[in-house]
Amino acid sequence: SGAQKQQPQPAVSQAQSFSNIAAAPDIGAKFNATAISSKLTAANEAAWIKIGAISDLMEELEKSLAAYEYALRHNPNNVQTLSGIANVYRKKENWSKASEYLQRAIKADPNNGETWATLAYTYLCCDDLQNAYTAYQHALFHLPNPKDSQVWYGIGMLYERCGSYDHAEEAFTGVLKMDPASDKRSEILFRLGNIYKQTQKYTQSLECFSHIVQSPPPGKSGADVWLQIGHIYEQQQNYDMAMESYQYGLREGPNHSKLLQHIAWLRLLDTSHQNVALAIQLLNQASEIDPSDAQSWYILGRCQVGVREYNKAHHAYQQAVYRDERNPTLWC
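None of these values were measured; they are calculated from a predicted model.

What about the environment of Leu189?
Then step 1. Here Leu189 shows up in helix H9 (residues 185-198).
Then step 2. Residue classification places Leu189 among the buried positions, given a relative accessible area of 8%.
Then step 3. A C-alpha to C-alpha distance of 8.8 Å links Leu189 and Pro217, two positions 28 residues apart in sequence.
Then step 4. The contacts of Leu189, once residues within four sequence positions are left out, are Leu176, Cys208, His211 and Ile212.

Encoded structure:
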């Protein structure tokens, strides 16, 4: 019983083994090529995103869009890229395109609270209040910190647009508590002042406007704030303080058509300020500054009737109706 003799391997098996060994470097090369290609794609995508962001900062919006679109070719579901494109369209006030890209971003990452908040505000800007409300609900659910002052500022605007003044007041005052140094502070106080005026909380309204008369919000002037203050006094039938406020506003904005209109109205009332001739002069001036304001034309027509200038009154009424034909007051 000697040791068994080792059997030689078949030639075919040896050939296959050598073939596998020979093929191994090819597999490794393909793997390395794929890895390099993926890195190049990621690097290109990152570069185009950076170019898009820089162009956006430089207000070169078309270049920014082009760069972001190149980035999307490398990764169509990149939330950063989609949000960047949406931001450019928001700057261009193309709300439908902005919401389209934000919806794509949310589809790629449904749990991104910041994207939901941006989408909600975009809906708000195009008066799509129902979708704005739904998007804000998602934002509050997904945000790590739902006490975000920017989000609640938008929610306040939403409630204000819907006429839900109690909820709007709560949201806006909440923003001022969350962030007392908010860059929206003056705008919030202006909005709160209007809300308090609408709800006849005149003391609170005057307090809000008095805080910002020297530092009005962007897009508003001191004359706009004095107009609001004067109107509060007018609603309280404190015509002396109303006239004084309007005059203060007129010093800051001598061509403010609404101030001229309100002063003219006070000149028509049966008070110590009554002066119909001066009212007509002010209304003619207001109509020249803003010919599209139907209210100035309507009040001018009433003045002309009062002084029996019927042809001029007819012309003024026609101008009023032409500019706001759906307003039933102007037909009376």
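Once the structure has been displayed, the description carries forward.
Topic: the environment of Glu187
Then step 1. Note on placement: Glu187 falls in helix H9.
Then step 2. For the pair Glu187 and Ile212, spaced 25 residues apart in sequence, the C-alpha to C-alpha distance is 8.8 Å.
Then step 3. Not counting the four nearest positions on each side in its chain, Glu187 is found in contact with Tyr153 and Pro217.

Digging into the nonpolar core
Inside soluble globular proteins, nonpolar side chains tend to come together where they are buried.
Then step 1. In this structure, Phe172 and Ile229 are the most contacted members of the largest nonpolar core, which totals 78 residues.
Then step 2. With seven residues, helix H11 (residues 222-235) is the largest single contributor of residues to this core.
Then step 3. Filtering out sequence-adjacent residues up to four positions away, Phe172 remains in contact with Tyr153, Gly156, Met157, Glu160, Ile188, Arg191, Leu192 and Ile195.

Notes on helix H15 (residues 294-306)
Then step 1. The end-to-end C-alpha distance of H15 is 19 Å, a good match for the 18 Å that 13 residues give at a rise of 1.5 Å each.
Then step 2. Listed as buried for H15 are Ala294, Ser296, Trp297, Tyr298, Ile299, Leu300, Gly301, Cys303 and Gln304.
Then step 3. In this fold, the buried residues of H15 make contact with helix H13 (257-268), helix H14 (276-289) and helix H16 (310-323).
Then step 4. At the C-terminal side of H15, Arg308 shows a positive phi close to 65°.

Observations concerning the side chain of Ser245
Then step 1. One can find Ser245 in helix H12 (residues 239-252).
Then step 2. Classification of Ser245 as buried rests on a relative accessible area of 3%.
Then step 3. A distance of 2.9 Å separates the side chain of Ser245 from the backbone oxygen of Met241, its partner in a polar contact.
Then step 4. Once you skip the residues sitting within four places of it in the chain, Ser245 turns out to touch Trp226, Ile229, Gly230 and Tyr233.

Quick notes on a nonpolar patch on the surface
Then step 1. On the surface, Ile54, Leu57 and Met58 cluster together into a nonpolar patch covering about 350 Å² of accessible area.
Then step 2. Mapped onto the elements, Met58 comes out in the loop between helix H1 (11-57) and helix H2 (61-74).
Then step 3. Look at Met58 and you get exposed, because its relative accessible area is 54%.

Some details on the packing of helix H6 (residues 129-142) against helix H7 (residues 149-161)
Then step 1. In contact at an axis separation of 11 Å, H6 and H7 are set at 150° when each is read in the N-to-C sense. Considering the angle they form, H6 stands roughly antiparallel to H7. Seen along the crossing, H6 lies across H7 with a hand that is left-handed. Each of Leu129, Ala132, Tyr133, Tyr136 and Leu140 in H6 lies in contact with H7, whose residues at this interface are Val151, Trp152, Gly154, Ile155, Leu158, Tyr159 and Arg161.
Then step 2. Looking at the contact of H6 with H7 residue by residue, the classes come out as ten nonpolar, one polar and one charged.

Reading the values: the criteria
- Residues numbered from 1 in each chain as written.
- Predicted model: local features only at pLDDT ≥ 70, side-chain atom pairs only at ≥ 80, totals over all residues.
- Heavy atoms only, no water.
- Helix = DSSP H or I, 4+ residues; strand = E, 2+ residues; numbered from the N terminus.
- Buried < 20%, exposed > 50% of the residue type's maximum accessible area, 1.4 Å probe, protein only.
- Contact = heavy atoms within 4.5 Å.
- Core = buried A, V, L, I, M, F, W, Y, C linked by side-chain atoms within 4.5 Å.
- Expected span 1.5 Å × (residues − 1).
- Polar contact = N/O pair within 3.5 Å; in protein donor to acceptor, adjacent residues only side chain to side chain.
- Patch = residues over 30% accessible without salt bridge, like charges linked within 9 Å, V, L, I, M, F, W, Y side chains within 5 Å.
- Areas by Shrake-Rupley, 256 points an atom, 1.4 Å probe, with all protein chains shown as cover.
- Salt bridge = Lys/Arg side-chain N within 4 Å of Asp/Glu carboxyl O.
- Axes fitted to C-alpha atoms, helices over the stretch in contact; angles between N-to-C directions.
- Parallel < 35°, antiparallel > 145°, perpendicular 65-115°, else oblique.
- Left-handed = near helix turned anticlockwise from the far one by under 90°.
- Nonpolar A, V, L, I, M, F, W, Y, C, P; charged D, E, K, R; others polar.

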